[in-house]
Amino acid sequence: MNLSISAKNRLIFALDVPNRKEAESYVRALGDTVGCFKVGLELFIKEGPDVLKTVKQNSSASIFLDLKLHDIPATVRSALRSAATHGVRFITVHGSDGASILQTANEVKDLGLEVLAVTVLTNVSESELGGLGYKENLSLRQLVLDRANVAKESGCAGVVCSGEEVALIKRTCSNHFKVVVPGIRPLWADVKKDDQSRIVTPKDAISNGADLIVVGRPIRDAKDPNIAALKIVEEIESALSA
Ligand code: C5P
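Basis of the calculations
- Every chain begins its residue count from 1, and numbering advances along the sequence as written.
- Per-residue local features are limited, in this predicted model, to residues with pLDDT of at least 70; the limit for side-chain atom pairs, both in listing and counting, is 80 or more; totals at the level of whole chains, interfaces and linings are taken over all residues.
- For the side-chain quantities, the full set of heavy atoms in the structure was used; hydrogens and water were omitted.
- Runs of H or I in DSSP of at least four residues are treated as helices and runs of E of at least two as strands, each being numbered from the N terminus.
- Each helix should span, by expectation, one fewer than its residue count multiplied by 1.5 Å.
- Contacts are residue-level and defined by heavy atoms, with any inter-residue pair within 4.5 Å sufficient.
- Any two rings among Phe, Tyr and Trp, with Trp reduced to its six-membered ring, count as a pair given centres within 6.5 Å; such a pair is stacked if its planes are under 30 degrees apart, edge-to-face if over 60, and tilted if neither.
- Exposure is judged per residue with a 1.4 Å probe applied to protein chains only, and the accessible area is read against the type maximum: over 50% gives exposed, under 20% gives buried, and values in between give partly exposed.
- Here, a charge over a ring means that NZ of Lys or CZ of Arg falls within 6 Å of the ring centre while also lying within 35 degrees of the ring normal.
- Each C-beta atom gives one direction from the helix axis, and the arc is the one those directions make.
- N or O atoms closer than or at 3.5 Å make up a polar contact, with two conditions inside protein: a donor-capable atom paired with an acceptor-capable one, and, for residues adjacent in sequence, both atoms drawn from side chains.
- For helices, the axis comes from a line fit to the C-alpha atoms of the stretch in contact; other axes are also lines fit to C-alpha atoms, and the angle between any two N-to-C directions lies between 0 and 180 degrees.
- To sort the angles, those under 35 degrees are grouped as roughly parallel, those over 145 as roughly antiparallel, those from 65 to 115 as roughly perpendicular, and the leftovers as oblique.
- Each crossing is labelled by how the near helix is turned from the far one, with a counterclockwise turn of less than a right angle marking it left-handed and a clockwise turn marking it right-handed.
- Residues were grouped as follows: Ala, Val, Leu, Ile, Met, Phe, Trp, Tyr, Cys and Pro as nonpolar; Asp, Glu, Lys and Arg as charged; and all remaining residues, including Gly, as polar.
- We call a residue near a molecule or strand when any one of its heavy atoms sits within 4 Å of it.
- Surface exposure here means Shrake-Rupley accessible area, sampled with a 1.4 Å probe, where a residue is shielded only by the protein chains that are shown.

Draft legend 1. Spotlight on helix H4 (residues 73-84). Over its twelve residues, H4 runs 16 Å from end to end, which matches the ideal 16 Å to within 8%, given 1.5 Å per residue. Considering only its buried residues, H4 is in contact with strand E3 (62-69), strand E4 (90-94), helix H5 (99-102) and strand E5 (114-118).

If you want it as structure tokens, here you go:
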């Protein structure tokens, strides 16, 4: 486990909201509690790069631009260079199409941009793999691990995977290779059955070796989002000290 990251800096809040105004109110409420804000497709497509300025103006937390890029290497390379001009720390690229796309990560390292490869989305379950065209006997863990290895060899800063695969990746890849885990559901969270499939608690994700966790709905939809975020930071702290 990488102990050099503080509990607060391990918590990424997914700003999954429809517009800049709502994003601003979450950033103001959570800016001192979380280490990073994740801007995803919904918000970025609606508001464009201006929303990144809103985050920066209201908090010193870092920014994770979760656009899950998926295109030919030349296009991904140009998109990463454009993203680097916005001063974001992390960006995601799909890890399903091999090394030549993931190697573009090397070209933005000097610009301070860390590329994370998405291994297999956390809504996908093992029983769906056959229907997606994979060999019947391929396990989801093996697929995630293979993609993590390609991402590491290609020069990515880390991967996004579920809490169920994090220990395996930490054992196989180096400790410096970041593992970011979404699909987090605290035991106390009042989140109805949703699209996430491979879910874990904040405690289990961190105990299994996650460097960073991404939490959206359990904080966004809580009665008091800042209290929910503080509870998660406490849970991360106790997992780290255990
Ligand atoms: O609301 P919830 O906590 O499920 O939010 C999870 C966030 O993590 C969403 O913004 C989603 O896009 C993102 N994500 C994910 N699975 C991945 C990569 C990112 O759920 N593999």
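Okay, back to it.
Draft legend 2. Highlighting the packing of aromatic side chains. Scanning the model with the defined rule gives three aromatic pairs in all. Where Phe13 meets Tyr26, the ring centres are 5.6 Å apart and the plane angle is 35°; that geometry is what we call tilted. In this pair, Phe13 sits in strand E1 (residues 11-14) while Tyr26 sits in helix H1 (residues 20-30), placing the two residues 13 residues apart along the sequence. Taken individually, Phe13 and Tyr26 each receive the classification buried, so the pair is uniform in this respect. Centroid distance Phe13 to Phe37: 6.4 Å. Interplanar angle 85°. Geometry classified as edge-to-face. One end of the pair, Phe13, is in strand E1; the other, Phe37, is in strand E2 (residues 36-39), and 24 residues separate them in sequence. By relative accessible area, which is 0% here, Phe13 ends up buried. Taking the relative accessible area as the measure of exposure, Phe37 reaches 0% and is therefore buried. These aromatic residues form a ring-pair network of at least three members: Phe13, Tyr26 and Phe37. Positioned above the aromatic ring of Phe64 is the side chain of Lys38, whose terminal nitrogen or guanidinium carbon lies 6.0 Å from the ring centre. Geometry around Trp188 places Lys231 over its ring, the cationic atom sitting 4.3 Å from the centre.

Draft legend 3. Layout of helix H3 (residues 50-58). Val51, Leu52, Thr54 and Val55 are the residues of H3 that are buried. One side of H3 carries all its buried residues, which in axial view fall inside an arc of 155°. Check the buried side of H3 and you find it contacts H1, E2, helix H2 (41-47) and E3.

Draft legend 4. Summary view of the side chain of Ser162. Mapped onto the fold, Ser162 is located in the loop between strand E6 (158-160) and helix H7 (166-172). Among the polar contacts listed, one links the side chain of Ser162 to the backbone nitrogen of Glu164, at a separation of 3.0 Å. Beyond its immediate chain neighbours, meaning those up to four positions away, Ser162 contacts Thr122, Val181 and Arg198.

Draft legend 5. The packing of H1 against helix H10 (residues 225-241), seen in detail. Interhelical geometry of H1 versus H10 gives an angle of 50° and a closest axis separation of 9 Å. Classified by the angle their axes make, H1 and H10 are oblique. Handedness of the H1/H10 crossing: right-handed. Of H10, the residues touching H1 (which contributes Tyr26, Ala29 and Leu30) are Pro225, Asn226 and Ala229. In the contact of H1 with H10, the residues fall into five nonpolar, one polar and no charged.

Draft legend 6. How the structure looks around the site of the ligand. Surveying the vicinity of the ligand reveals 16 residues, the closest of which are Asp16, Lys38, Thr122, Arg185 and Arg217. At 2.7 Å, a side-chain N or O of Asp16 approaches an oxygen atom of the ligand. Here an oxygen atom of the ligand sits 2.8 Å away from a polar atom, N or O, in the side chain of Arg185. Notes on the ligand: free accessible area 470 Å², of which the protein chains cover 88%. The set of elements that each furnish at least two residues to the shell around the ligand consists of E3, strand E8 (212-215) and helix H9 (217-220). Across the shell around the ligand, the residue classes tally to seven nonpolar, three polar and six charged.

Limitation: the analysis is restricted to geometry and does not speak to function.
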